[in-house]
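# Structure assessment
The residues making up each chain are set out below.
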Amino acid sequence: MTKSIQQSSDDGGEISVKELILDIQDWFRYLFSKWRLLLIIGIIGAIIGLVYAFWKQPLYTATTTFVLEGNENGSSLGRLSGMAALAGIDFGGSASGLFQGNNILELYKSRSTLERTLLTKVDSKSEELLIDRYIAFEKLRDDWKEVPELERLDFRQDPEQLDSLTRRLRDGVITSIVNAIRSDVLTVEKPDRSLSIIQVDVTSPDEVFSKVFNENLVQTVNDFYIQTKTKKSTDNIALLEQKVDSVRAVMSGAIYSAVRVSDATPNLNPTRQVQRLGPAQEAQFSAETNKAILSQLLQNLELTKMNLLQEQPLIQLVDTPVYPLQVNRLGKVKGIIAGGFLAVFLAMLVFTLRRFYRKLMHSD
């Protein structure tokens, strides 16, 4: 076997096991001969790592975990479809599909959701917005000094009242900040794919920003869910209430109409009963018919209100961020070890490539 490998090395150029071992030993001897230089480079790298550990800002992570509620009540209104159809009410369809699978993860990263969150106040006692706090710790206004229009931007102003140039600059700044938050600040994921638990992490150098942004973002998505998923039920309730009022008014009118007929003929001739019985029975029939319709409408209305309650909430919070937040910082020891190891590794790589290049040129 060894002979065949060596023969192939002589004939076709494949390296033998012995040559491979010798090359590795030669490579180790070469690197060991550079130990003084590698030591100096390692010390320099360790110093750089220590300086970086001092310079690197600590990052604060706010974490919220919640359970995504499934739509288990979608078929609860199936028995009402026949009765609801009589009143022109549509109980079909649901917005729950929007909040299933990975859709909810993308909703947290949408521009509109992040923009609404950025434009909320840090707290009720302050006029400072979250976007102002982000601009402060990222020191963006230092880069805007050469553009007076950017320096004068006030995100508390109504965008509809701004001129076209200022509105364009405002939207551009918000878009760039949203993109930065998506890539560097916000993480939304399912820790376990088999479960319905979703985790939202916000990491930034500002502890207050991390916590408040995390809480407001979850609240914004929760509000959007309530408005979206319950919209059909809310519209149905409004329509049912309108129809209930209409039918009740017609029924009341029929009842009073029958009484007015009796009042209009106090001394009716017994041979002329048609003048009283006909209109009175017609009004009574109308009242009984509307009474039956009203009963069904009231039943549908109450069941629709119960369904509206069953649709809430989407988000069942499990853990919420509390002070002090989790701090991610590079320790001094870690900085020294990482800096020294990385510097030595890169130096060994450079020495190896340079030696390989020299041997290749020499052989040519």
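By convention here, each chain's residues receive numbers from 1 onward along its written sequence. Where local features are concerned, this predicted model is filtered to residues with pLDDT of at least 70; where side-chain atom pairs are given and counted, the filter is 80 or more; whole-chain, interface and lining totals use all residues. Computation of side-chain values: all heavy atoms of the structure, hydrogens and water removed.

Looking only at helices and strands, one finds 13 helices and 5 strands in the chain. Think of it in three bands: with a 1.4 Å probe and only protein chains considered, a residue is buried below 20% of the maximum accessible area for its type, exposed above 50%, and partly exposed in between. Residue burial in the chain is summarised as follows: out of 364 residues, 33% are buried. Throughout, a contact is declared for two residues whenever any of their heavy atoms are within 4.5 Å. Of the contacts made within the chain by residues no fewer than 6 positions apart, 75% connect residues no fewer than 24 positions apart. For accessible areas, the Shrake-Rupley method is used with a probe of radius 1.4 Å. Any residue's cover is judged against the shown protein chains and nothing else. Approximately 23,200 Å² of the chain is accessible, and the part contributed by carbon and sulfur atoms is 57%. Helix and strand assignments follow DSSP, with helices taken as H or I runs no shorter than four residues and strands as E runs no shorter than two, numbered in order from the N terminus.

So, on to the environment of L68. Structurally, L68 is set in strand β1 (residues 59-68). With a relative accessible area of 12%, L68 lands in the buried category.

As a further point, take the environment of N222. Within the fold, N222 resides in helix α10 (residues 207-229). A sequence separation of 94 residues divides N222 from Q316, and the C-alpha atoms of the two residues are 9.8 Å apart.

For helix α6 (residues 111-118), every residue scored as buried is listed here: T113, L114, E115, T117 and L118. Of the surrounding elements, those touching the buried residues of α6 are α5 (103-108), α7 (130-138), α9 (164-185), β2 (186-189) and α10.

Here we take up the nonpolar core. Joining through side-chain atoms within 4.5 Å is the link that ties buried Ala, Val, Leu, Ile, Met, Phe, Trp, Tyr and Cys residues into a set, and such a set is a nonpolar core. Residues Y108, I181 and F213 are the most contacted members of the largest nonpolar core, which totals 38 residues. The set of elements that each furnish at least two residues to this core consists of β1, α5, α6, α7, α9, β2, β3 (197-204) and α10. The element best represented in this core is α9, accounting for 7 residues. Ignoring anything within four residues of it in the chain, the contact list for Y108 reads F66, T113, L114, L186, V188, V200, L217, V218, V221 and I315.

Time to look at the pattern of salt bridges. Here a salt bridge means any side-chain nitrogen of Lys or Arg lying within 4 Å of a carboxyl oxygen belonging to Asp or Glu. Within the structure shown, the criterion is met by 10 salt bridges. Between E128 and R133 there is a salt bridge, with the nearest N and O atoms lying 3.3 Å from each other. Between R133 and D206 there is a salt bridge whose closest N-O contact spans 2.7 Å. Of this pair, R133 sits in helix α7 while D206 sits in the loop between β3 and α10, placing them 73 residues apart in sequence. In this structure, a network of salt bridges that share partners links the residues E160, R167, R170 and D171.

With respect to burial, β3 is a largely interior element, 7 of its 8 residues being buried. A pair of strands is treated as paired once DSSP finds two or more bridges between them. Note: β1 against β3, 8 bridges, orientation antiparallel. Within β3, the position partnered with T64 by the bridge is V200. Two elements, β2 and β3, share 4 bridges in a ladder whose sense is antiparallel.

What follows is about unusual backbone geometry. The linkage connecting Y323 with the following residue, P324, adopts the cis geometry, with an omega of -10°. A positive phi angle, near 55°, is found at K139, a position not held by glycine. Tracing the backbone through its elements, the reader meets K139 in the loop between α7 and α8 (148-151). Judged by its relative accessible area of 56%, K139 is exposed.

Counting through the fold element by element, T65 comes out in strand β1. Since its relative accessible area comes to 11%, T65 is described here as buried. T65 has contacts with I197, I198, Q199, L317, V318 and D319, leaving out every residue within four places of it along the chain.

A word on the packing of aromatic side chains. Pairing of aromatic side chains here covers Phe, Tyr and the six-membered ring of Trp, requires ring centres within 6.5 Å, and sorts the geometry by plane angle: under 30 degrees stacked, over 60 edge-to-face, intermediate tilted. Enumeration according to the criterion identifies 6 aromatic pairs in this entry. Arranged with centres 5.9 Å apart and planes meeting at 25°, the rings of F66 and Y108 form a pair that is stacked. Taken together, the residues span a long stretch of sequence, with F66 in strand β1 and Y108 in helix α5 at a distance of 42 residues. Considered together, F66 and Y108 belong to a single accessibility category, that of buried residues. Aromatic side chains F341 and F345 sit 6.5 Å apart centroid to centroid with 15° between the ring planes, which places their arrangement in the stacked category. Of the two residues, F341 and F345 are both situated in helix α13 (residues 332-363); the distance of 4 residues between them amounts to about one turn of the helix.

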